[in-house]
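Here are the chains, one letter per residue:
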Amino acid sequence: TPPTPSLCGVPLKYISLVTLAVQNSLLTIIMHYSRVSIPPSQSYSAPTAVLFNELLKGSISLVIAFTQIDRSTSYTSDTPQLSLITGRFWNPAKVLPRVRRLGREVFSPDCWKLSIPAILYVIQNNLQYVAATNLEAATFQVSYQMKILTTAAFSVLLLRKQLSANQWLALFFLAIGVGIVQIQTGASDTAKAASSLLFQGTSMNALKGFLAVVAACFTSGLAGVYFEMVLKNSQTDLWIRNVQLSAFSVLPALVPIVLTRPSESGIIYSLFQNFGAWAWATVAIQVIGGLVTAMVIKYSDNILKGFATSLSIVISFLASVALFDFQITFTFVLGSVVVLIATWLYNQPGRSSSTSRLGYSVV
Ligand code: C5P
């Protein structure tokens, strides 16, 4: 087994999990703010944001894949980093074979497998905007944690992942913990204060928002597990897989844009209409989220990813206390502690899922 990659001695697995938790909190707050703080007539197009997310993420993954392509070829004695500095990397005689090889890997015969998670993620990313527009930020975040259960169900069904008794217990506690936090979110004025800080310009439809969350939880579980299955069933590099995923996302991401009736000023104008700093901030945080999510799926697994994002509930609330003078209630602390204990329990050694990696069924 290759050594676990690390940064300054800390395993990438943990760095990516913590980054994902922080990213999730930021995204929930900024996406909600960017949608509800302005009147609908001035809001930006969510499908445009989803498209830009894919284009940016795909381009970044392509650059990373290109710089790493040397790892498995030995026509230079330099490390990839050194060859970047010495200029060997940019030597035209070496660049062309590298581009050819990258092309071969991206357009490999099995690349079509990524079309399934690509379509599911595009649907999910659009639904996320519907949910964030129609629910309080805190309610959205907590309800979205149901994806942990859908992910576990799909992991067992599709990956034939075997969970230990401890892990089932951890999932059970997680559901209880999230439920307790939700009681407090629904009952207290705290959550309402969360969004009143963003002077509301848009009316919300809770049922529409909740249905969008439920649907997004299903696509999240299925797409995540499918991506993990494709990734871990082949030797293909993570960044090549990400390029394939983004490439297959572009077409479905264009569908809602084409179907939306453009304003009289034309389709390009309506694409960029009101696409200001908040919209770009949302896209940027989503791009980071996508890249980190891919790393989390590679270096740990989808179920653990769910636990990391459930920790983001705690981070969001603590940020709200610091920034917006929120009151922490007993139920919130209780729910958060249960979530933390569940996370710890899921991570205990001796579990069976980490040893079942090689046992994935072939896609
Ligand atoms: O909520 P969930 O963890 O399912 O969200 C995953 C997000 O990460 C989606 O927005 C999806 O587009 C993105 N993603 C990605 N690349 C991957 C896996 C997920 O950009 N390889």
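About the criteria used
Residues numbered from 1 in each chain as written. Predicted model: local features only at pLDDT ≥ 70, side-chain atom pairs only at ≥ 80, totals over all residues. Heavy atoms only, no water. Near = heavy atom within 4 Å. Polar contact = N/O pair within 3.5 Å; in protein donor to acceptor, adjacent residues only side chain to side chain. Areas by Shrake-Rupley, 256 points an atom, 1.4 Å probe, with all protein chains shown as cover. Salt bridge = Lys/Arg side-chain N within 4 Å of Asp/Glu carboxyl O. Helix = DSSP H or I, 4+ residues; strand = E, 2+ residues; numbered from the N terminus. Buried < 20%, exposed > 50% of the residue type's maximum accessible area, 1.4 Å probe, protein only. 1 Å grid on protein atoms, 1.4 Å probe; cavity = no way out; pocket = protein on both sides within 12 Å on 5 of 7 lines; lining within 4 Å. Points joined across faces, edges and corners; volume = space filled by probe spheres on them. Nonpolar A, V, L, I, M, F, W, Y, C, P; charged D, E, K, R; others polar. Contact = heavy atoms within 4.5 Å. Expected span 1.5 Å × (residues − 1). Bend = angle between axes of the 7 residues up to and from the residue. Axes fitted to C-alpha atoms, helices over the stretch in contact; angles between N-to-C directions. Parallel < 35°, antiparallel > 145°, perpendicular 65-115°, else oblique. Left-handed = near helix turned anticlockwise from the far one by under 90°. Patch = residues over 30% accessible without salt bridge, like charges linked within 9 Å, V, L, I, M, F, W, Y side chains within 5 Å.

Student: Talk me through the site of the ligand; I want residue IDs and the actual numbers.
Tutor: Close to the ligand lie 14 residues; Lys 57, Asn 125, Lys 147, Ser 220 and Lys 305 are nearest. In this structure, an oxygen atom belonging to the ligand sits 2.5 Å away from a side-chain N or O atom of Lys 57. Within the side chain of Asn 125, a nitrogen or oxygen atom sits 2.7 Å from an oxygen atom of the ligand. Protein burial of the ligand: of its 470 Å² of free accessible surface, 93% is covered by the chains.

Student: If you had to explain the pattern of salt bridges to someone new, which residues and values would you point to?
Tutor: On inspection of all chains with the given rule, the structure shows five salt bridges. One salt bridge connects Arg 101 with Glu 105, and the closest N-O pair in it is separated by 2.8 Å. Placement of both Arg 101 and Glu 105 in helix H4 (residues 92-106) is noted, with a separation of four residues, approximately one turn of the helix. Residue Arg 101 is classed as buried on the basis of its relative accessible area of 19%.

Student: An account of empty space enclosed by the protein is requested, with residue identities and associated values reported.
Tutor: All chains considered together, the criterion is met by four cavities of 30 Å³ or more. Volume-wise, the largest cavity comes out at about 520 Å³. Considering the residues around the largest cavity, the lining is formed by 30 residues, among which Gln 124, Asn 125, Gly 289, Gly 290 and Thr 293 are closest to the centre. The set of elements that each furnish at least two residues to the lining of the largest cavity consists of helix H1 (12-36), helix H2 (46-68), helix H5 (115-134), helix H6 (137-143), helix H10 (206-232), helix H11 (238-259), helix H13 (277-299) and helix H14 (302-324). Top element by residues in the lining of the largest cavity is H13. It accounts for seven residues. Grouping the amino acids of the lining of the largest cavity by side-chain chemistry returns ten nonpolar, 16 polar and four charged.

Student: Describe the side chain of Asn 302, and please don't skip the residues or the numbers.
Tutor: Relative to the helices and strands, Asn 302 resides in helix H14. Reaching out from Asn 302, the side chain makes a polar contact with the backbone oxygen of Gly 224 at a distance of 2.7 Å. Separated by 2.8 Å, the side chains of Asn 302 and Glu 228 make a polar contact. Look past the residues within four positions of Asn 302 in its chain and what remains in contact with it is Thr 151, Gly 224, Val 225, Glu 228 and Ile 297.

Student: For H11, give the residues involved together with the corresponding values.
Tutor: Its 22 residues give H11 an end-to-end C-alpha distance of 33 Å, which sits within 8% of 32 Å, the value for a rise of 1.5 Å per residue. Remark: the principal bend of H11, roughly 30°, maps to Val 250, with a proline, Pro 252, within the next four residues. N-cap assignment for H11: the residue whose side-chain oxygen lies 3.1 Å from the backbone N of Trp 239 is Asp 237.

Student: Talk me through the packing of H11 against H13; I want residue IDs and the actual numbers.
Tutor: A packed helix pair is summarised by two numbers, namely the angle formed by the two axes and the spacing between the axes. Their axes nearest at 11 Å, the elements H11 and H13 cross at an angle of 130°. Between H11 and H13, the crossing angle belongs to the class labelled oblique. Where H11 crosses over H13, the two elements pack in a sense that is right-handed. Across the interface between the two elements, Leu 238, Trp 239 and Asn 242 of H11 pack against Leu 291, Ala 294, Met 295 and Lys 298 of H13. For the contact of H11 with H13, the class distribution of residues is five nonpolar, one polar and one charged.

Student: Quick rundown of a nonpolar patch on the surface? Include the residues and the values.
Tutor: Together, Leu 318, Ile 328, Val 333, Val 337, Ile 341 and Trp 344 give the surface a local cluster of nonpolar side chains, amounting to about 550 Å² of exposed area. It is helix H15 (residues 330-346) that provides the largest number of residues to the nonpolar patch, a total of four residues.

Student: Break down the environment of Pro 92 for me, citing the residues and quoting the values.
Tutor: Along the polypeptide, Pro 92 turns up in helix H4. Classification of Pro 92 by relative accessible area gives exposed; the value is 63%. For the pair Pro 92 and Lys 147, spaced 55 residues apart in sequence, the C-alpha to C-alpha distance is 47 Å.

Student: So, the environment of Ala 165: which residues are in play, and what are the values?
Tutor: Summarising the element assignment, Ala 165 is placed in helix H8 (residues 165-187). Remark: the alpha-carbon pair of Ala 165 and Tyr 346, spanning 181 residues in sequence, is separated by 9.7 Å.

Student: Which residues make up the packing of H2 against H13, and what values do they have?
Tutor: Between H2 and H13, the shortest axis-to-axis distance is 9 Å and the interhelical angle comes to 45°. Considered as vectors, H2 and H13 are oriented oblique to each other. By crossing handedness, the relation of H2 to H13 is classed as right-handed. Across from Ala 49, Phe 52, Asn 53, Leu 56, Lys 57, Ile 60 and Ser 61 in H2, the residues of H13 making contact are Trp 280, Val 283, Gln 286, Val 287, Gly 290 and Leu 291. Residues belonging to the contact of H2 with H13 are distributed by class as follows: eight nonpolar, four polar and one charged.

Student: Residue-level account of unusual backbone geometry, with values.
Tutor: What is expected of a backbone is that most residues other than glycine have negative phi and most peptide bonds are trans. In the Ramachandran plot, Arg 160 falls in the positive-phi region, its phi being about 50° despite a non-glycine side chain. Within the secondary structure, Arg 160 sits in the loop between helix H7 (147-158) and H8. Given the relative accessible area of 55%, Arg 160 is considered exposed. In this model, Asn 274 sits at a positive phi of 60°, which is unusual for a non-glycine residue. Looking at where Asn 274 falls in the secondary structure, it is placed in the loop between helix H12 (267-272) and H13. The class for Asn 274 is partly exposed, based on a relative accessible area of 34%.

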